[in-house]
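Fold and contact review
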Amino acid sequence: MSHYPLPKTSKNADEVIGTMKYLKEKDVKHQDSKAFCLVFNSTPEVKKIMTEATSLFLSDNGLNPTAFPSLKQFENEVVQMTASFFNPPKTITGSMTSGGTESILMAVKAAREWAHKVKGIKKPELIMPITAHPAFNKACHYFGIKLKTVSVDPVTFKANVQEMKKKITKNTIMLVGSAANYTQGIVDPIEEIAELAQEKNILCHVDACIGGLILSLWRKLGHSIPRFDFEIEGVTSLSVDLHKYGYCAKGASVVLYRDNELRKHQFYATTNWPGGIYISPSFMGTRPGGPIAAAWAVMQHLGEEGYLKLAKKTKEATDEFVKRIKEIKGVYLIANPDMSIVSFGSKKYDIFAIADELSFKGWYMDRQQDPESIHLTIMPNHLNVVDDFFKDLNSAIEKSKHTKPNKDKLMNRITKSFVKMMPNALLSKLAKKETEKMNFNSNDKQRMAPMYGMMGTLTGKGTLDEICIDVMDKIFTYSPRLEREGESEKNDQLLN
Ligand SMILES: *Cc1c(COP(=O)(O)O)cnc(C)c1O
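Quantities reported herein were computed from a predicted structural model and do not represent experimental measurements.

Below, the discussion takes up unusual backbone geometry. Note that the residue after Ala179, namely Ala180, is joined by a cis bond; omega there is 0°. Assignment of secondary structure puts Ala180 in the loop between strand S4 (172-178) and helix H7 (190-199). Although it is not a glycine, Tyr247 sits at a positive phi angle of roughly 60°. Position of Tyr247 relative to the elements: it lies in the loop between strand S6 (237-241) and strand S7 (253-257). Given the relative accessible area of 2%, Tyr247 is considered buried.

Written as structure tokens, this is what we have:
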């Protein structure tokens, strides 16, 4: 039996869209610059052109370049326009993908094939700093590659290259560095990593998914930025997301390779299928035309001039956030960022309690561990909300003065943040049941109860990974919507 059946009769468009708009109201208010991750807004014109381009190519399929030569042209031009940010050699080439994860999967897959063919490596290994994006863990997991991580400096948060050197074996296929890392906005010592890789005839990937464009633009604006791109000889591939600081529609990223010999290892072809010859450049089969077309349109519309303007605004906003956080007693900046990522923690108070208070005010907060911190990706429009944010931050700190840095078990904490993604109905049921059983004061009830309720229903008694997967399984299990007024408000509070 299906829990949510297809409607028996057709519904008109207004009704359908109306329901969607109603449900969307509960989503994070990124249009009001309340989010510091996930969505990158720029200007109303960008949104307009992106919408038009998407709708023009909504149903078109980038899989087959002979059927859609327009999309093939857009893609090749987007790859070259993107490459122009990164001191490319003449031989530069690349592909568009659906996002940073796919770009990274493709670079790692190409490295595996290259190492197998050129060096005969059958048990591939990859080395990266612990701060590198989980997309690399995922890639190694999917492609059967042994992953080795190295530490980062506790003050500068840069990868420990000496440790990398020690971990290299004859099976190492790739060294990874971030420009910059998502966690603290720090650029790894790419020159040293790339040199080491070159010396050992190993590939070197730079993950510039979040930082590449903004770092390149800040350098053009005259700011001092560490070297990280193809001007360093040993860098063989680089990933950069257009749906982040490229302000393109979601589903747009580029993976660049120093030359097409390397890129060929990314492609896939099979010739004995009864359906004919099948060739596919990247992970996906059908490739939506919308994001490819929208990326081309946005890049043409903004041009270097437009990107520089937005980068300047982002720089101003970042400087303001950094300056004001440094001025506040009770919180501290985790690292001096190379790009527009600001993460801050507290040695006096529970930083997650502060994050909770900010969430109550409608800010969408990203929480990090090791060290515990609030993570802010600063975007151009955050310049308009600096005063609002710091007013709320100050009051959040004031309200958290009774707290101490949290000694709660990591597992509980992670579960708590997962709880925020739970379907409303399930959550309220759990919370009600659990708060009846436990003696919380009314304040704690709101914050902690859902978490304990959650913990109680988990079946996975194993590792933290297993518990997380158990939680995700619950999140992606259908539960009925709450239609009654008031009920949903109550649940919103619990969710915060
Ligand atoms: C966002 C990000 C990725 C992954 O990109 P997705 O588009 O989310 O798949 C990889 N690396 C870094 C540094 C990122 O910030």
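Okay, back to it.
In the neighbourhood of the ligand, 13 residues make up the surrounding shell, with Gly100, Thr101, Asp207, His243 and Lys244 lying closest. Asp207 places a polar side-chain atom, nitrogen or oxygen, 2.6 Å from a nitrogen atom of the ligand. In the model, an oxygen atom of the ligand is placed 3.1 Å from a nitrogen or oxygen of the Lys244 side chain. Burial of the ligand by the protein amounts to 84% of the accessible area it has alone, namely 380 Å². Considering every element that reaches the shell around the ligand, the biggest residue donor is helix H4 (residues 100-119), with three residues.

Let us now look at the pattern of salt bridges. Throughout the structure, instances matching the rule amount to 21 salt bridges. One salt bridge in this structure joins Arg219 and Glu231, with 3.9 Å as the shortest N-O distance. In this pair, Arg219 is assigned in helix H8 (residues 212-220) and Glu231 in the loop between H8 and S6, connecting sequence segments 12 residues apart. With a shortest N-O distance of 3.6 Å, Glu304 and Lys220 are connected by a salt bridge. Of the two residues, Glu304 sits in helix H10 (residues 289-327) while Lys220 sits in helix H8, which places them 84 residues apart along the sequence. Judged by relative accessible area, Lys220 falls into the partly exposed class, the value being 44%.

When you line up the elements, Gln184 lands in the loop between S4 and H7. A polar contact is formed between the side chain of Gln184 and the side chain of Thr183, at a distance of 2.8 Å.

Now for the packing of aromatic side chains. Using the criterion set out here, one finds 17 aromatic pairs in the structure. Their ring planes at 65° and their centres at 5.2 Å tell us that Phe36 and Phe389 sit as a pair that is edge-to-face. Here Phe36 is found in the loop between helix H1 (13-24) and helix H2 (44-56), whereas its partner Phe389 is found in helix H12 (residues 386-399), with 353 residues between them in sequence. A relative accessible area of 0% means that Phe36 is categorised as buried. Both rings, one in Phe85 and one in Phe86, keep their centres 6.1 Å apart while their planes meet at 40°; by these two values the pair is tilted. Comparing Phe85 with Phe86, the two get one shared label, buried. For the cation-ring pair, Lys347 lies above Tyr332, with the distance from its terminal atom to the ring centre recorded as 4.0 Å.

Basis of the calculations
- Residues numbered from 1 in each chain as written.
- Predicted model: local features only at pLDDT ≥ 70, side-chain atom pairs only at ≥ 80, totals over all residues.
- Heavy atoms only, no water.
- Helix = DSSP H or I, 4+ residues; strand = E, 2+ residues; numbered from the N terminus.
- Buried < 20%, exposed > 50% of the residue type's maximum accessible area, 1.4 Å probe, protein only.
- Near = heavy atom within 4 Å.
- Polar contact = N/O pair within 3.5 Å; in protein donor to acceptor, adjacent residues only side chain to side chain.
- Areas by Shrake-Rupley, 256 points an atom, 1.4 Å probe, with all protein chains shown as cover.
- Salt bridge = Lys/Arg side-chain N within 4 Å of Asp/Glu carboxyl O.
- Phe/Tyr/Trp six-rings, centres within 6.5 Å; stacked < 30°, edge-to-face > 60°.
- Lys NZ or Arg CZ within 6 Å of the ring centre and 35° of its normal.

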